[in-house]
Amino acid sequence: MASPLHLNGVVLPEGEHRDLWIVDGRVSTEPVPGSETIASGAYVLPGLVDAHCHVGIGLGARPAEPDEVVDQARAERDAGVLLIRDCGVPVDTGHLRGRQDLPRILRAGRHIARPKRYLPGLGVDLDDPSLLPKAVAEQVEAGDGWVKLVGDWIDRSAGGASADLAPLWPDDVLAEAIGLAHDAGARVTAHVFGEDALPGLLGAGIDCVEHGTGLTADTIDLMARHGVALVPTLINIENFPAIADTAVRYPRYAAHMRDLHARVDATIGAAVEAGVPVYAGTDAGGGIVHGRIVDEIESLHRVGMSREDALAAACWRARAWLNHPTLEDGAPADLVVYRHDPRRDLAALRDPARIVLRGRVVR
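Reading guide: rules and limits
Residues numbered from 1 in each chain as written. Predicted model: local features only at pLDDT ≥ 70, side-chain atom pairs only at ≥ 80, totals over all residues. Heavy atoms only, no water. Phe/Tyr/Trp six-rings, centres within 6.5 Å; stacked < 30°, edge-to-face > 60°. Lys NZ or Arg CZ within 6 Å of the ring centre and 35° of its normal. Pairing = 2+ DSSP bridges. Helix = DSSP H or I, 4+ residues; strand = E, 2+ residues; numbered from the N terminus. Buried < 20%, exposed > 50% of the residue type's maximum accessible area, 1.4 Å probe, protein only. Arc of directions from axis to C-beta. Contact = heavy atoms within 4.5 Å.

## Some words on the packing of aromatic side chains
What the rule picks out here adds up to five aromatic pairs. Site record: aromatic cluster; members linked through ring pairs are Tyr118, Trp153, Phe193 and Phe240. For the cation-ring pair, Arg85 lies above Trp146, with the distance from its terminal atom to the ring centre recorded as 4.6 Å.

If you want it as structure tokens, here you go:
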């Protein structure tokens, strides 16, 4: 059994200067004699959240090896991320649950896509789109309350000159599949770059949109009215021009990707302004190295969020969205300590003084 710990400082999100104790892996607001003080006069936050992360996809968009999976999770932890919402991986990461030194993870199973309509080898490819409800049911069983769909991708069948982003699923099939997930107590999210897939997904009751670079005034209004979340993965969108540069055979698609990139700040800023719930996710794995949550928080501030709101999008508000507690009495002791106030300067997040996971100091 670990010795009790004591912290003193400004505790967020309340912003109150107070004392916390850690006993048997949980937060206590009652004094515990003999506790070891590990922070004083600091800023104490619930563990950060990476709400779009792929622990299990290696660089180059390939299945990660077991040791690589652990290294990825450790990189997230060392950046202060103690809760990960997985957004689809081709390997089973259930073994991470048994690791007391690695972040908690909410798994989404594998991406569900169509043949040649997503990155090869990562998802479950359905020849017949009517099989989507059955595939969703299988991924509900494989995950921890989330299912990930590929909502759109380049459709090369239209021919090189005309190929562009296009939806993968008929609206009626989406509605049946998402309804099935909801009946099973799971939520559904979807990868969406362009405009055309969004109305069908939103009409079918999708819970979250990943990326959202093709949002329009109408679809932003729908998301805001129905409380559909958005995880824009802004640091990944920075790669759109490079993606376009490799698509010389598909000029329409390449131009579309460049246009989406050029207006992304205005697009996501409009969603923020409209009241769409926006959360921080890095899309780490594949082409994004792990441990970049602070870059994403700073990007959310760039597109119009206040510093505190951008921080909340990767901390206490994200935890509430994912049904995980903050630092109330009796909550799991997953927290990060900083020397300076990150509400004033987000760069303070780059230098955690202490990281406590499951009541143990891990850094």
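## Some thoughts on the sheet that holds strand E19 (residues 352-357)
In any sheet, the strands associate via hydrogen bonds between backbone groups, in a parallel or an antiparallel arrangement. Within the open sheet, the seven strands sit side by side as E3-E2-E1-E4-E18-E19-E20. Their pairing is mixed. Both edges of this open sheet fall to strand E3 (26-28) and strand E20 (360-361), since each of them pairs with a single strand only. Here E19 runs beside E20; their pairing, made up of two bridges, is antiparallel. Paired with Leu357 across the strands is Arg360, a residue of E20.

## Observations concerning helix H5 (residues 217-226)
Among the residues of H5, Thr219, Ile220 and Met223 are the ones counted as buried. All buried residues of H5 fall inside an arc of 105° around its axis, so they share one side. Opposite the buried face of H5, by more than 90 degrees, sit the exposed residues Ala217, Asp218 and Arg225. Those residues of H5 that are buried lie in contact with helix H4 (198-203), strand E16 (208-211), strand E17 (229-231) and helix H9 (264-274). Phi turns positive, to about 70°, at Gly227, one or two residues after H5.

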